[in-house]
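Inside the fold
One letter stands for each residue in the lines below.
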Amino acid sequence: MIYPIFTYGQPVLRQVAQDIDKDYPELDKLIDDMFETMYNSQGVGLAAPQIGLPIRLVVITLDCLSEDYPEYKDFNEAYINPHIVEFDESETKLMDEGCLSLPGINEPVRRPTRIRVKYLDRQWQEHDEWVEGYLARVMQHEFDHLEGKVFTDRISPLRKQLIKKKLSCLLSGKFSCSYKIKRK
Ligand code: NI
């Protein structure tokens, strides 16, 4: 099932998401549906708050990048209760980001290139690992959603001023996009 994507201005995108436990109802189906929703909208990541659920659940697909990054061939992962526990601030990078919840906006965001994350995979195996490169970038964007943040919170004040009109169009529902959304 393809969920509608909640867009900028929806209160759920500003909530801090909660950890879930093993008896969360129909979790497997939910994860499958999140993958389907992400593929349908051609995103590389989707966080549960973007479909209206304030829980710590994220899916990421990097297979579409595998031509340039062979290590991401067939990369389709679900992250349950992810938390970033350390940022390696020794190197940061400015990179363009976009978001399914903010259609039509792409802006450069500065983030550390390496992070340490803890999460459970789909089989409820615990992971505690350092991640870098493109995956670290996407994880930081997606896990921000679980903290009630969106990427435009992290752009420069000047860039923010420049996209003010676009953001207010999103808030007032004056925009179009190619996938199913839930407007305010
Ligand atoms: Ni996003």
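Now for a quick tour of the structure.

Thresholds, definitions, all that
- Note on numbering: residues in each chain are counted from 1, in written sequence order.
- Only residues with pLDDT of 70 or above have their local features reported here, since the model is predicted, and side-chain atom pairs are shown and tallied only from 80 upward, although totals for entire chains, interfaces and linings are computed over all residues.
- For the side-chain quantities, the full set of heavy atoms in the structure was used; hydrogens and water were omitted.
- Here a strand is any run of E in DSSP of at least two residues, a helix any run of H or I of at least four, and the numbering for each starts at the N terminus.
- Partly exposed residues are those whose accessible area sits between 20% and 50% of the maximum for their type, while under 20% is buried and over 50% is exposed, using a 1.4 Å probe and protein chains only.
- Counted as a polar contact is a pair of N or O atoms within 3.5 Å, where, for protein atoms, one must be capable of donating a hydrogen and the other of accepting one, and residues adjacent in sequence contribute only when both atoms are in side chains.
- The term salt bridge refers to a side-chain nitrogen of Lys or Arg lying within 4 Å of a carboxyl oxygen of Asp or Glu.

**Regarding the environment of E129**
- By secondary structure assignment, the location of E129 is in strand β6 (residues 126-132).
- Its relative accessible area of 29% is what places E129 among the partly exposed residues.
- Side chain to side chain, E129 and Y119 meet in a polar contact 2.7 Å long.
- A polar contact of 3.5 Å, which involves the side chain of E129, links it to the side chain of H127.

**Notes on the pattern of salt bridges**
- Per the counting criterion, the structure on display carries 16 salt bridges.
- Linking D33 and K29 is a salt bridge whose minimum nitrogen-to-oxygen distance equals 2.8 Å. Separated by 4 residues within a single helix, D33 and K29 lie in helix α1 (residues 27-40), roughly one turn from each other.
- Take D33: its relative accessible area is 4%, and that puts it in the buried class.

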